[in-house]
Amino acid sequence: MTWIAAVARLRARREPGVLVTVATVRGHAPRGAGAKLVVVRGETWGSIGGGNVEAVAIDRAREMLAADTAEPELMDFALNDKVTNRHGVQCCGGTVSVLLEPLPVVRAVAVFGMGHVGLELARILARQDLDLHLVDSRADMLAPQRLDALADAVAQVHVHHTPLLPEEVLEALPHGTHVLIMTHDHAEDAALCDAALRTTHLGSIGLIGSAAKWARFRKRLSTEGGHDDATIDRIKTPIGLADITGKEPATIAVSVAADLLRAFEGAR
């Protein structure tokens with residue numbers, strides 16, 4: 001498997017890894033600048049030349065994975081017989097710099113409700129490196145021509161049309177997915193809130209709406225849903241930045257996206 005295919009596979013499997021690249025070479029070395037290797041806990045793909053350089057890079061990459069390191073690192077190697085190496089002698093005569101770049105599991109966000117606000121929010125979030133799930137019970141809200149604005153998305157966009165029970169999508173979402181609930185129907189919102197609280201592998205849960213709407217939902221989640229206060233408090237409402245008060249869909253979407261990205265930075 002090529003290193004490019006390996007990176008794509010890791011993303012699809014939602015598995016972290018480290019991309020190792022020969023950054024610079026002076027003199028003789030087993031591989032030239034640009035050679036790449038992908039490292040995960042139990043496998044590798046590609047090669048930066050074998051020998052001590054590759055073995056040490058793999059060891060360090062796996063240490064980075066174990067420590068959940070986010071920052072890249074640069075390692076320098078002298079390839080001569082005067083250097084004491086951990087994995088044997090390499091005496092090509094040159095020097096090599098190797099860049100180790102963590103490949104974290106990308107974040108996942110699910111937007112339930114692709115109305116005016118949902119579409120504007122999808123346009124913003126699609127510019128981020130995310131797995132972006134767009135869910136609606138109405139087929140016309142997910143029509144290809146309506147989603148043309150996302151054609152150049154950086155995000156991996158997944159579209160879910162669920163005409164009967166949109167809450168069924170929750171179970172299939174990746175671990176840690178951040179859920180934003182903003183459908184056209186308050187009954188649908190309420191069902192999604194209840195189901196999201198029962199889905200233990202999700203990340204944050206956000207609900208759009210007024211204080212009056214949330215008061216009704218909270219009471220229903222407690223009395224009919226049987227959720228305790230601590231569980232109900234997993235739901236954040238209202239979503240968005242409190243000091244952005246505009247009501248236009250694009251303004252609301254900017255506020256919600258900024259609040260979510262701020263939470264991501266805080267978690268990092």
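Sequence order sets the numbering: in each chain, residues are counted from 1 along the sequence as written. Predicted model: local features are reported for residues with pLDDT of at least 70 only, side-chain atom pairs are reported and counted for 80 or more only, and whole-chain, interface and lining totals are derived from all residues. Side-chain measures were taken over the full set of non-hydrogen atoms in the model, leaving aside hydrogen atoms and water.

Just checking my understanding: could you explain the overall build of the chain for this structure?
Segments assigned H or I by DSSP are reported as helices when at least four residues long, segments assigned E as strands when at least two residues long, and all are numbered from the N terminus. Assigned secondary structure in the chain consists of eight helices and 11 strands. Its C-alpha atoms put the chain at 75 × 40 × 35 Å along the principal axes. Residues classed as buried in the chain amount to 41% of the 268 residues present. In the chain, the share of contacts with a sequence separation of at least 24, taken over all contacts with a separation of at least 6, comes to 64%. Here the Shrake-Rupley method, with its probe set to 1.4 Å, supplies the accessible areas, and only the displayed protein chains count as covering residues. For the chain, the computed accessible surface area is about 13,700 Å², with 53% contributed by carbon and sulfur atoms. Charged residues are defined here as Lys and Arg on the positive side and Asp and Glu on the negative side; His and the ends of the chain fall outside this count. For charged residues, the charge sits on one atom: NZ in Lys, CZ in Arg, CG in Asp, CD in Glu. Charge separation in the chain, taken as the distance between the mean sites of 28 positive and 33 negative side-chain charges, equals 2 Å. Whether a residue is buried, partly exposed or exposed follows from its accessible area with a 1.4 Å probe, protein chains only, as a fraction of its type maximum: under 20%, in between, or over 50%, in that order. Every residue pair with non-hydrogen atoms within 4.5 Å of one another is taken to be in contact.

Is there a simple way to explain the pattern of salt bridges in this structure?
Note that side chains of opposite charge can pair when their charged atoms are close. Note on definitions: salt bridges are taken to be side-chain nitrogens of Lys or Arg within 4 Å of carboxyl oxygens of Asp or Glu. Tallying each qualifying case throughout the model produces 16 salt bridges. One salt bridge connects Arg60 with Glu73, and the closest N-O pair in it is separated by 2.6 Å. Within this pair, whereas Arg60 is found in helix α2 (residues 51-67), its partner Glu73 is found in strand β4 (residues 73-78), the two being separated by 13 residues in sequence. For the salt bridge of Lys236 with Asp259, the shortest nitrogen-to-oxygen distance reads 2.4 Å. Note that Lys236 is positioned in strand β11 (residues 235-236) and Asp259 in helix α8 (residues 249-267), a separation of 23 residues in sequence. Overall, Asp259 belongs to the buried group, its relative accessible area being 8%.

Please clarify how the packing of aromatic side chains should be interpreted in this entry.
Working definition: an aromatic ring pair is given by the centre-to-centre distance plus the angle between the planes. Note on ring pairs: Phe, Tyr and Trp rings are taken, using the six-membered ring of Trp, and paired if centres are within 6.5 Å. Classes follow the plane angle, with under 30 degrees stacked, over 60 edge-to-face and the rest tilted. Under the definition given, this model contains zero aromatic pairs. Note that Lys36 overlies the ring of Trp3, its terminal NZ or CZ placed 5.1 Å from the centroid. A cation over an aromatic ring shows up here: Arg107 above the ring of Phe264, its NZ or CZ 4.6 Å from the ring centre. Our definition puts a charge over a ring when NZ of Lys or CZ of Arg is within 6 Å of the ring centre and also within 35 degrees of the ring normal.

How do you make sense of the environment of Val18 when you look at a structure like this?
Looking at the secondary structure, you find Val18 in strand β1 (residues 17-26). Counting along the chain gives 19 residues from Val18 to Leu37, while the straight-line C-alpha distance between them is 8.3 Å. Other than its neighbours up to four places away in sequence, Val18 contacts Leu37, Val38, Val39, Ala61, Leu65, Leu100, Glu101, Pro102 and Leu103.

Teacher, can you tell me more about unusual backbone geometry here?
Residues apart from glycine generally show negative phi values, whereas peptide bonds are mostly found in trans. Backbone torsion omega between Thr237 and Pro238 reads -5°, so that peptide bond is classified as cis. By the element assignment, Pro238 lies in the loop between β11 and α8. At Arg14, a position not held by glycine, the phi torsion is positive, near 55°. In this fold, Arg14 is placed in the loop between α1 (3-13) and β1. The backbone of Asp68 shows a phi angle near 55°, a positive value even though the residue is not glycine. Its place among the elements puts Asp68 in the loop between α2 and β4. Of the residues examined, Asp68 reaches a relative accessible area of 67% and is grouped as exposed.

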